[in-house]
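Residues per chain, in single letters:
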Amino acid sequence: MEDKSKYNQRGVSADKTEVHQAIKNLDKGLYPTAFCKILPDIVAGDDNYANIMHADTAGTKTALAYLYWKATGNVKIWENIMQDAIVMNIDDMACVGITDNIILSSTIGRNKHLITGEVISTIINGAFQFCEKLKPYGINIHLSGGETADVGDIVRTIDVGYTTFARWPKNKLIVNNIKAGNVIVGLASFGQATYENVYNSGLGSNGLTSARHDVLSKYYEKNYPEVVDPNTPEAVRFSGSKKLTDSYNGYIIGDLLTAPTRTYLPILKKVFDKIDPSQINGLINCTGGGQTKVMHFAKNVRIIKDNLFKTPPVFNLIKEEAGTNDKELYKVFNMGHRLEFYVNPSIASAIINVANQFNVEAQIIGEVVNSENTELNIINNGHNFIYQK
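Residues numbered from 1 in each chain as written. Predicted model: local features only at pLDDT ≥ 70, side-chain atom pairs only at ≥ 80, totals over all residues. Heavy atoms only, no water.

**Here we look at the overall build of the protein chain**
Within the protein chain, the regular secondary structure consists of twelve helices and 14 strands. Considering the protein chain as a whole, with its 389 residues, one finds that 55% of them fall into the buried category. The contacts of the protein chain with a sequence gap of at least 6 include a subset with a gap of at least 24, amounting to 83%. Carbon together with sulfur atoms contributes 47% to the accessible area of the protein chain, which is approximately 16,600 Å² in total. Each charge class in the protein chain can be summarised by its mean position, and for the 39 positive and 40 negative side chains these summaries are 1 Å apart. (Helix = DSSP H or I, 4+ residues; strand = E, 2+ residues; numbered from the N terminus. Buried < 20%, exposed > 50% of the residue type's maximum accessible area, 1.4 Å probe, protein only. Contact = heavy atoms within 4.5 Å. Areas by Shrake-Rupley, 256 points an atom, 1.4 Å probe, with all protein chains shown as cover. Lys, Arg positive; Asp, Glu negative; His and termini not counted. Charge placed at Lys NZ, Arg CZ, Asp CG, Glu CD.)

The structure is reproduced here in structure tokens:
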């Protein structure tokens with residue numbers, strides 16, 4: 001209860017309860033259990049196709065980027081933030097099967113007094129470079145422009161968001177139908193994939209309000225009050241002991257906390273070339289809600305995760321500084337793997353082999369069994385945490 005109170009006091013929700021409540025009566029699209037809302041082909045009116053539009057941002061990770069930029073003067077930190085915002089869109093869309101011909105538009109709101117033109121240029125040019133980097137893998141993302149607004153009365157530092165759109169054949173869509181007998185193949189969020197330049201901590205772009213305030217010290221509140229919501233109680237503002245330039249387990253903390261959200265698109269593109277989408281019963285991007293994300297897309301099954309990856313250093317850092325219990329951490333962070341396939345055991349090894357070709361660890365992390373209720377069990381380090389829908 002204490003941890004939950006801390007999150008609420010900071011004005012955030014790990015599982016976005018209020019958001020899900022607000023949209024519960026809205027149309028769920030053609031396939032209500034799909035990871036993204038899928039619409040009829042409004043563009044061309046072809047019943048064999050569907051339209052998918054998605055929007056997302058880098059969230060409060062921009063506040064971390066701002067602080068690390070101020071601490072180091074390294075403007076390239078903003079390239080990571082750009083990637084966070086793009087990947088939160090394209091990897092969600094990939095969970096319904098889309099890996100090519102994606103239209104991308106940006107929406108950036110900044111406080112011009114604090115965010116320079118060089119930062120804006122780095123973000124915009126970085127998006128172009130990121131899209132170019134994916135082309136050799138057969139992934140084409142088309143930049144359609146966007147909006148950059150100076151809104152200092154509204155945005156304390158900067159907000160970086162993107163909107164994506166694609167038109168996709170219905171017979172290539174993935175619609176979640178998670179069932180008993182499936183195994184769960186997890187793909188690591190940490191390490192260094194062949195298409196990444198440096199080690200990736202695996203933090204992603206969720207739970208950053210907690211990571212920022214629980215890990216970093218009062219130094220940042222005193223020197224950069226612009227990154228603090230004055231409505232947040234003082235006791236839960238920057239309550240950690242660390243600075244971004246400190247080291248932890250051989251890594252610079254700033255690098256761990258601002259590591260870009262990994263895209264799995266190169267891997268997924270190759271997996272979909274080998275495995276028909278109809279053989280994939282579920283594909284989940286463990287973002288908002290962390291390891292409990294799948295609960296929104298499963299029904300009348302018990303999901304058992306009992307063979308998780310060893311927890312990467314960044315999450316141990318957060319746990320040590322926050323004093324948060326493991327059950328709550330699994331609801332906030334991905335804790336080591338961010339992508340889950342729900343498939344028959346016969347095709348698990350093919351997925352693992354493709355991931356390994358890109359130097360991304362993958363393994364069977366659990367299974368699905370029948371249940372009258374929808375339930376998730378996370379069994380790790382002698383604990384059995386039970387989450388119910």
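Let's pick the thread back up.
**Considering the packing of helix H6 (residues 208–215) against helix H10 (residues 313–322)**
Direction vectors running N to C along H6 and H10 enclose 60 degrees, while the axes themselves pass 9 Å from each other. One way to sum up the angle between H6 and H10 is to call them oblique. As H6 packs across H10, the resulting crossing turns out to be left-handed. The residues of H10 that touch H6, namely those facing Ala211, Asp214 and Val215, are Leu317, Ile318, Glu321 and Ala322. (Axes fitted to C-alpha atoms, helices over the stretch in contact; angles between N-to-C directions. Parallel < 35°, antiparallel > 145°, perpendicular 65-115°, else oblique. Left-handed = near helix turned anticlockwise from the far one by under 90°.)

**Notes on the sheet that holds strand S3 (residues 102–110)**
Spatially, five strands are ordered S1-S2-S5-S3-S4 in an open sheet, and the strand pairing comes out mixed. Unpaired on one side and paired on the other, strand S1 (39–40) and strand S4 (141–150) mark the two borders of the sheet. Note: S3 against S4, eight bridges, orientation parallel. Following the sheet pairing, glycine 109 is matched in S4 by alanine 149. Helix-sheet contacts for helix H4 (residues 77–94) involve strand S2 (49–57), S3, S4 and strand S5 (158–169), and the interaxial angle to S5 is about 30 degrees. (Pairing = 2+ DSSP bridges.)

**What to know about the packing of helix H3 (residues 61–72) against H4**
At a minimum axis separation of 9 Å, H3 and H4 run at an interaxial angle of 170 degrees. By the criterion of interaxial angle, the relationship of H3 to H4 is roughly antiparallel. Only Ile77, Trp78, Ile81 and Asp84 of H4 make contact with H3, whose side of the interface consists of Lys61, Thr62, Ala65, Tyr66, Tyr68, Trp69 and Thr72. Grouping the constituent residues of the contact of H3 with H4 by class yields seven nonpolar, two polar and two charged. (Nonpolar A, V, L, I, M, F, W, Y, C, P; charged D, E, K, R; others polar.)

**Overview of the packing of aromatic side chains**
Enumeration over the complete set of coordinates arrives at 13 aromatic pairs. Where tyrosine 66 meets tyrosine 224, the ring centres are 6.5 Å apart and the plane angle is 90 degrees; that geometry is what we call edge-to-face. In this pair, tyrosine 66 sits in helix H3 while tyrosine 224 sits in the loop between helix H7 (218–223) and strand S7 (247–248), placing the two residues 158 residues apart along the sequence. Here tyrosine 66 and tyrosine 224 have matching classes, each one buried. Geometrically, the ring pair formed by tryptophan 69 and tryptophan 78 is edge-to-face, given 5.9 Å between the ring centres and 75 degrees between the ring planes. With respect to class, tryptophan 69 is no different from tryptophan 78; both count as buried. Within the aromatic cluster, the residues linked to one another by ring pairs are Tyr66, Trp69, Trp78 and Tyr224. Lying over the aromatic face of tyrosine 49, arginine 167 brings its terminal NZ or CZ to 4.1 Å of the ring centre. The lysine or arginine in question, lysine 327, covers the ring of tyrosine 387, its NZ or CZ lying 5.4 Å from the ring centre. (Phe/Tyr/Trp six-rings, centres within 6.5 Å; stacked < 30°, edge-to-face > 60°. Lys NZ or Arg CZ within 6 Å of the ring centre and 35° of its normal.)

**Observations concerning the nonpolar core**
Counting 119 residues, the largest nonpolar core has Trp78, Leu187, Leu257, Ile267 and Phe341 as the members making the most contacts within it. Tallying contributions element by element places H4 first for this core, with ten residues. Those residues in contact with phenylalanine 341, other than ones at most four positions away along the chain, are Val183, Ile184, Val185, Leu187, Leu268, Val271, Ile280, Gly282, Leu283 and Ile351. (Core = buried A, V, L, I, M, F, W, Y, C linked by side-chain atoms within 4.5 Å.)

**Digging into helix H5 (residues 117–134)**
The first and last C-alpha atoms of H5 sit 26 Å apart over 18 residues, in line with the 26 Å expected at 1.5 Å per residue. Among all positions in H5, only Val119, Ile120, Thr122, Ile123, Gly126, Ala127, Phe130, Cys131 and Leu134 are buried. Seen along its axis, H5 keeps its buried residues to an arc of 160 degrees; they face one direction. Exposed and oriented more than 90 degrees from the buried face of H5 are Glu118 and Gln129. Those residues of H5 that are buried lie in contact with H3, H4, S3, S4, S5 and helix H9 (265–274). (Expected span 1.5 Å × (residues − 1). Arc of directions from axis to C-beta.)

**Digging into the side chain of threonine 122**
Within the secondary structure, threonine 122 sits in helix H5. A polar side-chain atom of threonine 122 sits 2.8 Å from the main-chain carbonyl oxygen of glutamate 118. Discounting chain neighbours no more than four positions away, the residues touching threonine 122 are Val75, Lys76, Trp78 and Glu79. (Polar contact = N/O pair within 3.5 Å; in protein donor to acceptor, adjacent residues only side chain to side chain.)

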